[in-house]
Amino acid sequence: MSDAGPSGEGGGFGGTGQEADPDGEPPQEGPEYLPCIGDQEEAEKEEEEPSAAKQPRLDDDDEVGFRLHETGLKTISSVGGGQGVVLNTEKVLSRAEDHGMTAGESEQGEEPWCQNGENKETITPTEEGGDEVEKSGQDDVASQRQYLGLDFSQNPQMLTGSWAEYTHSPENYLKGCKWAPDGSCILSNSADNVLRVYNLPPELYSGSWDLLSEMSPVLRMTEGDTIYDYCWFPKMSSLDPETCFIASSSRDNPVHIWDAFYGDLRASFRPYNHLDELTAAHSLCFSPDGSQLYCGFEKTVRVFYTERPGRDCEERPTVVKKQGQSGIISCLAFSPSQSVYACGSYSRTVGLYSCVDGSLLALLPQRHHGGVTHLLFSHDGYHLYTGGRKDPEILCWDLREPGRVLFSLPRTVSTNQRIYFDLDPSGRYIVSGNTDGMMSVWDTLTAPPDGSEEILQPYLQFQAHRDCTNGISIHPFMPLVASSSGQRQFPWPGDSDDSGSESDEDRVMTSEGNREDNALALWWAGPLGATGEDGRQEGPTALEN
């Protein structure tokens, strides 16, 4: 379908239940928790709802928009034809009710899962008698999933992961991972320019964790060159295949929109510079409602409308009359509470802009030692966390008083690689990796109440990988943490022990001392379980890499 070479391997999501917004209404703003694990109920298939396999496909004309409107909820199906594990709830909470969350009883879904390499032309994902969540008429209801709090009183336990997948190509390593907004799957990026989608292991729904095996990707989407950035559509739900897509940007290529349900290239956004030459975006971020895609360039942010692929976009320069934020816009983030977005640049600056017209609201002081590579707003929108390359700290800015740093979080970042960090759904814990393979956890509740700037030491720190831990992503409602590791290695041609001149920046390794560790790992960071009959605490069985 495209020269970018989408994979023909079949795959799908183990879906999660979520109420869709009524037809004709814009998507609801703000994050919502998903419904609890519960019994699966059979419902009749709505005749007016087309199956995923019958949805219209785009041809090579990028000017044809892809539909993003919210539709009725569908049966959860894997792309290989077997229905996935469905997580429903026994009680639907009205928005007028108290926002407390009720957990249902957990059962293991025993539907068949798809295998890679199946022919998509013969797939019929939606079948009669599938599990389905019905939309409740005109009532404005929302199913919510109970958030299971993280427990970092002890080291997280490794449940499973994927490592053999990244040994097929020479000099391959991971460069990050991101959970889907509905928590049904994980997206990884690696140096071989392939985006891989992994389903959440179905054994986690039943508690049969001793049966966990190594994870295998269900989708592979190949870019043509080095991937600069990638992100999920914020309204993604496995219940609605039309919302399952990913945006990615790579060198010398347009911004691609990948179908995360089939692996096809769905659309492209083509940015051009002042010479009418195709230029690649260095950073990507969807607006909270998913209607716009913001792309970062040198001294410019371009805004595309997701319903209109092609080259038409709005240009928002970050430097006006030699004043403003210079450098390449390397990362973007949106405030969850106000119409404000933040831009980080390789010039070590952070700017706050209005979503309405892109005007500069504030330019934060230059505190980072290297280019800013990651931004993250707190859930109340009052704080902004920023981190940079070759920078020893994550800074927490108080946006109620722009320019003021509340506290800093020390970490080891000795290379130019982008090291991600993440904030848990409760807003309490910040988790980040280090270039030495450590995973650090900070408790923001231990920050000084008077707001005096100081260094906040890690609440927990443990060795997660042998190599650089570059990707961290916390599950949206379960106590699961996904991490990725790896970096480019430069083996020294000799076997001598004269390594005193080796620097951490170059990461030069001999063949004997190679610390290569390219893996995607899934960690359990919650309670270890109930007490068994023998009085001992039951917990997950960790798989050793």
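Going by the structure above, here's the rest.
Reading the values: rules and limits
- Residues numbered from 1 in each chain as written.
- Predicted model: local features only at pLDDT ≥ 70, side-chain atom pairs only at ≥ 80, totals over all residues.
- Heavy atoms only, no water.
- Buried < 20%, exposed > 50% of the residue type's maximum accessible area, 1.4 Å probe, protein only.
- Helix = DSSP H or I, 4+ residues; strand = E, 2+ residues; numbered from the N terminus.
- Contact = heavy atoms within 4.5 Å.
- Polar contact = N/O pair within 3.5 Å; in protein donor to acceptor, adjacent residues only side chain to side chain.

Colleague: If you had to explain unusual backbone geometry to someone new, which residues and values would you point to?
Modeller: For Asp-252, which is not glycine, the phi torsion reads 60 degrees and is therefore positive. Assessed through its relative accessible area of 60%, Asp-252 is described here as exposed. If you check the backbone angles, Lys-321 has positive phi at about 55 degrees while not being a glycine. Note on Lys-321: relative accessible area 78%, which makes it exposed.

Colleague: Go over the environment of Leu-352, please, and point to the residues and values.
Modeller: Considering the arrangement of structural elements, one finds Leu-352 in strand E20 (residues 350–354). Its relative accessible area of 7% is what places Leu-352 among the buried residues. Remark: the alpha-carbon pair of Leu-352 and Ala-342, spanning 10 residues in sequence, is separated by 4.6 Å. Those residues in contact with Leu-352, other than ones at most four positions away along the chain, are Val-340, Tyr-341, Ala-342, Ser-359, Leu-360, Leu-361, Ala-362, Phe-377, Leu-384 and Leu-399.

Colleague: Hey, could you go over the side chain of Asp-443 for me, with residue numbers and the actual values?
Modeller: Positionally, Asp-443 belongs in strand E28 (residues 438–443). In this structure Asp-443 comes out as buried when scored by relative accessible area, which is 3%. A polar side-chain atom of Asp-443 sits 2.8 Å from a polar atom in the side chain of Arg-428. A polar contact of 3.0 Å, which involves the side chain of Asp-443, links it to the backbone nitrogen of Leu-445. What Asp-443 contacts, discounting residues up to four positions off in sequence, is Arg-428, Tyr-429, Leu-456 and Tyr-459.

Read these as spatial facts, not as claims about activity.
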